[in-house]
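# A closer look at the structure
Spelled out, the chains give:
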Amino acid sequence: MVGSRRAASMNRTIELALVTLILVLGSGRAQEAPKPPEKAPQPDPIEVIVAEIRTAELAAKSIATELVTEGRLPGDLSFTTVGSIHVLRGTQSNLLNSATQQNSETQSTPGKLRTSVQFSWGNGVVGIWETLRTADGILVYQDDPAFGEVLVRFSPSLVTDLEWAGEVLKRADLPGMKDARADAPLGSSMLDDLRQHFLLVRGERKDRAGEAGIWLEGKRRPGLSDQDSDLPMADRVEAFVRQKDHALLEVVHYAADKVMQRIEVKKLEVDAAFAEAVFTLDRRGLKARDAEDYPPMREQIRRALDQAESKSGPDVVRPSKRK
């Protein structure tokens, strides 16, 4: 569960007020007793939970998750997405079930990421979107009514350029961007985002389907735009974090008592061994097209890189142009 931004630092600086001794000039009275130090600010309890999830994510060598999202858009159009994420951290070659990797427990390998999403709308529109990221770059497969079936390849240098452009432009919607789900597959980024938009507190419930954990709930923070693109039209939210693995398993957005969106993790495996086949994207021999030669993406890529260079100044160019 994915999506990651506005991450709060857990290393807070605790400042104690200096004790001031007040001297009464010319009065002959003794100095007043020093004031007691002010109490250190208490950490945000929701921030602490986010940090616990993030710690668990960083400790995992591999994570596989399957999740379902159901909801409604303005106009009461329903949608459903069924997705899976497979994350393999770098230098974890021993996790792969490959006969060619015998006696290579310490061999360093790049991290890998595989995502797959099948979506369907209430009006009958369906589609598939899959991505595979390895040291060889990114492969994107899509099959939808707008563009049909296509396989697009992003070279490693183009991926680096686009990630750089995304950081410069503060945009998370560019092809090739580092997928936040690879860094936050247990849901830390999602929960961190929720706490920015909702006044979250611990609820009274302490389990979900018999599993121990924490229910968080809260109303929308006042003053936020109703058109916030990061949120469904919701005025309150509930979320469940499982105790045993610090995984965010369910998020429900409500408008009054009506469910506007529900995200639910159906399956989660941590530190499981992955077969090599998990990180392949074979679409019946479909020939991969270069992203910079594919019209629906070509102009978007060119414009983003040009804008990033322009914003960075005359002496800064995209990484692939540097010596």
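Residues numbered from 1 in each chain as written. Predicted model: local features only at pLDDT ≥ 70, side-chain atom pairs only at ≥ 80, totals over all residues. Heavy atoms only, no water.

Once that is clear, we can look at the nonpolar core. Within the largest apolar cluster, 30 residues are counted, with the highest numbers of intra-cluster contacts made by I49, L191, L194, L200, L248 and V251. The greatest single-element share of this core, amounting to 5 residues, is contributed by helix α1 (residues 45–59). Beyond its immediate chain neighbours, meaning those up to four positions away, L200 contacts I46, L191, L194, R195, E217, G218 and V237. If you look at the next biggest cluster of nonpolar residues, it comprises 20 residues, including W164, M297, A304 and L305. (Core = buried A, V, L, I, M, F, W, Y, C linked by side-chain atoms within 4.5 Å. Buried < 20%, exposed > 50% of the residue type's maximum accessible area, 1.4 Å probe, protein only. Helix = DSSP H or I, 4+ residues; strand = E, 2+ residues; numbered from the N terminus. Contact = heavy atoms within 4.5 Å.)

Here the focus is the pattern of salt bridges. A full pass over the atoms with the stated rule returns 23 salt bridges. With its nearest N and O atoms 2.7 Å apart, the salt bridge here joins E163 to R133. With E163 in helix α2 (residues 156–169) and R133 in strand β5 (residues 126–134), the pair connects residues that are 30 residues apart, well separated along the chain. The structure contains a network of salt bridges with shared partners spanning E299, R302, R303, D306, E309, R318 and K321. (Salt bridge = Lys/Arg side-chain N within 4 Å of Asp/Glu carboxyl O.)

In this section: unusual backbone geometry. Generally, phi is negative for residues other than glycine and the peptide bonds are trans, each holding for most cases. Here A256, not a glycine, exhibits a phi torsion of approximately 60°, which is positive. Relative to the elements of secondary structure, A256 occurs in the loop between β12 (248–255) and β13 (258–270). Of note in the backbone geometry, D271 takes a positive phi value of approximately 65° without being a glycine. Relative to the helices and strands, D271 resides in the loop between β13 and β14 (274–275).

This part covers the packing of α2 against helix α5 (residues 295–312). Orientation of α2 relative to α5, taken along the N-to-C sense of each, is 55°, at an axis distance of 9 Å. It follows from the interaxial angle that α2 and α5 lie oblique. Crossing geometry of α2 relative to α5 is assigned as left-handed. Counted together, L158, D161, L162, W164, A165, V168 and L169 of α2 and I301, A304, L305, Q307, A308, E309, K311 and S312 of α5 form the full contact between these two elements. Of the residues in the contact of α2 with α5, the class split is 10 nonpolar, 2 polar and 3 charged. (Axes fitted to C-alpha atoms, helices over the stretch in contact; angles between N-to-C directions. Parallel < 35°, antiparallel > 145°, perpendicular 65-115°, else oblique. Left-handed = near helix turned anticlockwise from the far one by under 90°. Nonpolar A, V, L, I, M, F, W, Y, C, P; charged D, E, K, R; others polar.)

Relative to strand β10 (residues 211–219), strand β8 (residues 201–202) runs antiparallel, the two being bridged by 2 bridges. The residue bridging V201 from the neighbouring strand is E217, located in β10. In this sheet, β10 lies alongside strand β9 (residues 207–208) in antiparallel orientation, the contact comprising 2 bridges. Counterpart to R208 in the pairing with β10 is E211. Counting the residues between successive antiparallel strands, the hairpin from β9 to β10 contains 2 residues, one of them, A209, with a positive phi of roughly 50°. (Pairing = 2+ DSSP bridges.)

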